[in-house]
Amino acid sequence: EGFLGTADPIARIPRGVSMQLLAVATVIAVAATGVKARLLPYNCHSSMFLGSVVHPSRKGIALDDDTAVNCSGQMLESWPHTSMRYLPADRMKSLRIFRAWAPEWPKAKRAHAWQELVSYVKTNNVQVLVGATITCFPEEDKQSWEWTKALIRLIGREHLIGLSIGNELELVHMFREWFKADDACLKRLWDGNYTLNWFREVVKDFDTMGYGDVPIMSIFGGFALTGNTSTFLDIPVARVDPFLSAVYSEYKNRLVFGFNLYPYFDPNLKLDNHTDDQCKGTLSNALCWKPECNLPKQIAVARQKITNLTGNPNHRFWLTEVGWSTKYTSSLKSRMKKCKQFSTPESALTFYKGFLSWNMSISEPSEPLVPPERAFWFTMRDSPQLGYLEHFGLVEKCNDAYCKSVKDVGALVVPDAPPGYVPEDSQYSHRHP
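Here the structure is a predicted model, which is why all the values come from computation and not from measurement.

**A word on helix α7 (residues 194–208)**
Now for step 1: Along its 15 residues, α7 runs 21 Å from first to last C-alpha, staying within 8% of the 21 Å computed at 1.5 Å per residue.
Now for step 2: Among the structural elements, α4 (138–155), β4 (160–167), α6 (183–189), β5 (216–221) and α8 (240–251) are those in contact with the buried residues of α7.
Now for step 3: One or two steps after α7, the chain reaches G210, where phi turns positive at roughly 100°.

The following block contains the structure:
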């Protein structure tokens, strides 16, 4: 039955008991049986049930920096809040890794972190989208790619579903200080074609490793959907449309389009009429997953623009990030920072519950659009992003035994819109500086 005679290995552990103590107990149990196993297969404990995962093979989770560096032995093996009594939790089937390692991460931790990561992937038969960087610093990009190649070799071809090169590059000009990006860098990235040339160089090297049939992508955020109604963003500091046009022309069907989309960061969300701190109307539209709601409509715009660029309404497309913060984060710059109901565990877990049950549809049957093949939830644990500590994790921090939760599961419902509410026209969701 598992640890301590129960199917749930930590169901009988009191709150406050650390994961280190659980690890010691697991070592003793494994040693006693003589069975080889991962040290402390990890699943956060929850007494909530939010339902089973619809299309589990198409949904995965993104790996946050804190887990990657400090507790890769505690990666979620199942989706939180999907088990009930004798119903086992739905297993994680895919994982997005933003980068194999980073220059600012402790070198001494890398070998052990990778060992735990690779063990997780192989033990759970997880499919992996692995990433490499495009930045203002070519030498750092070269090192990032070397680390990515090393991790790919450890993970093994059978677990690799794609390679992403660059993430949300359209935001570099907004976060100049974080990216250490001056005018010369921005000109080099786009008009100097460094982004395109480095993408080509990485793909060429990837192919020489024997991965010429593995999908490739460069991932962008919601800001890349802005501009005119038919093409992607094209401004001097973010020439997304010319870049995507060039890589599609060269790599055709091997290229997968990937977008990170967050209703949470939509800059055009508005407070309820005649209020300074209420947002029931916005929450009714932003938390739901029906075709007429905020996120599916954004995904539909992405699909339409991909079709315009490729001429193919079925071209491959992944939703590479989506999530909601359980607390206010200073990276939230819209009017929603004034609404206390917006950044709460109740709102976040309502959105997560919708993600679990989402059938991947983005349109009405009368006007069908092909939905994304895959979707990745962001993320396992709270972690800094672009200089801000964010609270998008399903677990708060390393060594926590419990998932984030609420006392009243019945509160996890999309609220009804107030009378007279008209959904705002989204300006597409992305992090604002």
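We are not done yet, so read on.
**Regarding the packing of aromatic side chains**
Now for step 1: Under the defined criterion, the tally for this structure stands at 30 aromatic pairs.
Now for step 2: Ring centres of F199 and Y251 lie 5.8 Å apart, and the angle between their planes is 65°; on these two criteria the pair is classed as edge-to-face. Separated by 52 residues along the polypeptide, F199 in helix α7 and Y251 in helix α8 bring together distant segments of the chain. Both residues of the pair, F199 and Y251, belong to the buried class.
Now for step 3: Positioned above the aromatic ring of W318, the side-chain terminus of R374 is 5.5 Å from the ring centre.
Now for step 4: The ring of Y42 is capped by R381, whose NZ or CZ atom sits 5.1 Å from the centre of that ring.

**Details of the pairing of strand β1 (residues 59–63)**
Now for step 1: Counted residue by residue, β1 has 5 buried out of 5 residues, so it is predominantly covered.
Now for step 2: As judged from the 3 bridges shared by β1 and strand β10 (residues 374–377), these two strands associate in the parallel manner. By the bridge assignment, K59 is partnered in β10 with A375.

**Considering the side chain of T226**
Now for step 1: Checked against the element boundaries, T226 lands in the loop between β5 and β6 (234–235).
Now for step 2: A distance of 2.6 Å separates a polar atom in the side chain of T226 from the backbone oxygen of F223.

**Quick look at the environment of I61**
Now for step 1: Considering the arrangement of structural elements, one finds I61 in strand β1.
Now for step 2: For the pair I61 and M380, spaced 319 residues apart in sequence, the C-alpha separation works out to 7.2 Å.
Now for step 3: Setting aside residues up to four positions removed in sequence, I61 forms contacts with L76, W79, M92, S94, L95, R96, F376, W377, T379, M380 and L394.

**Focus: the environment of P263**
Now for step 1: Mapped onto the elements of the fold, P263 is located in the loop between β8 (257–260) and α9 (280–286).
Now for step 2: Considered as a pair, P263 and G323 are 60 residues apart in the sequence and their alpha carbons are 8.4 Å apart.

**Notes on the pairing of strand β2 (residues 94–97)**
Now for step 1: In β2, alternate side chains face the same way, and those of S94 and R96 on one face and L95 and I97 on the other are all buried.
Now for step 2: Where β1 meets β2, 3 bridges bridge the pair, whose relative direction is parallel. Each bridged residue has a counterpart across the sheet, and for L63 the counterpart in β2 is I97.
Now for step 3: Handedness of the crossover joining β1 and β2 through helix α2 (residues 65–70): right-handed.
Now for step 4: In this structure, β2 lies alongside strand β3 (residues 127–132), joined through 4 bridges in parallel fashion. By the bridge assignment, R96 is partnered in β3 with L129.
Now for step 5: Crossover handedness for the path β2 to helix α3 (residues 110–124) to β3: right-handed.

Conventions and cut-offs
- Residues numbered from 1 in each chain as written.
- Predicted model: local features only at pLDDT ≥ 70, side-chain atom pairs only at ≥ 80, totals over all residues.
- Heavy atoms only, no water.
- Helix = DSSP H or I, 4+ residues; strand = E, 2+ residues; numbered from the N terminus.
- Expected span 1.5 Å × (residues − 1).
- Contact = heavy atoms within 4.5 Å.
- Phe/Tyr/Trp six-rings, centres within 6.5 Å; stacked < 30°, edge-to-face > 60°.
- Buried < 20%, exposed > 50% of the residue type's maximum accessible area, 1.4 Å probe, protein only.
- Lys NZ or Arg CZ within 6 Å of the ring centre and 35° of its normal.
- Pairing = 2+ DSSP bridges.
- Polar contact = N/O pair within 3.5 Å; in protein donor to acceptor, adjacent residues only side chain to side chain.
- Right-handed = clockwise from strand over helix to strand, strands pointing away.

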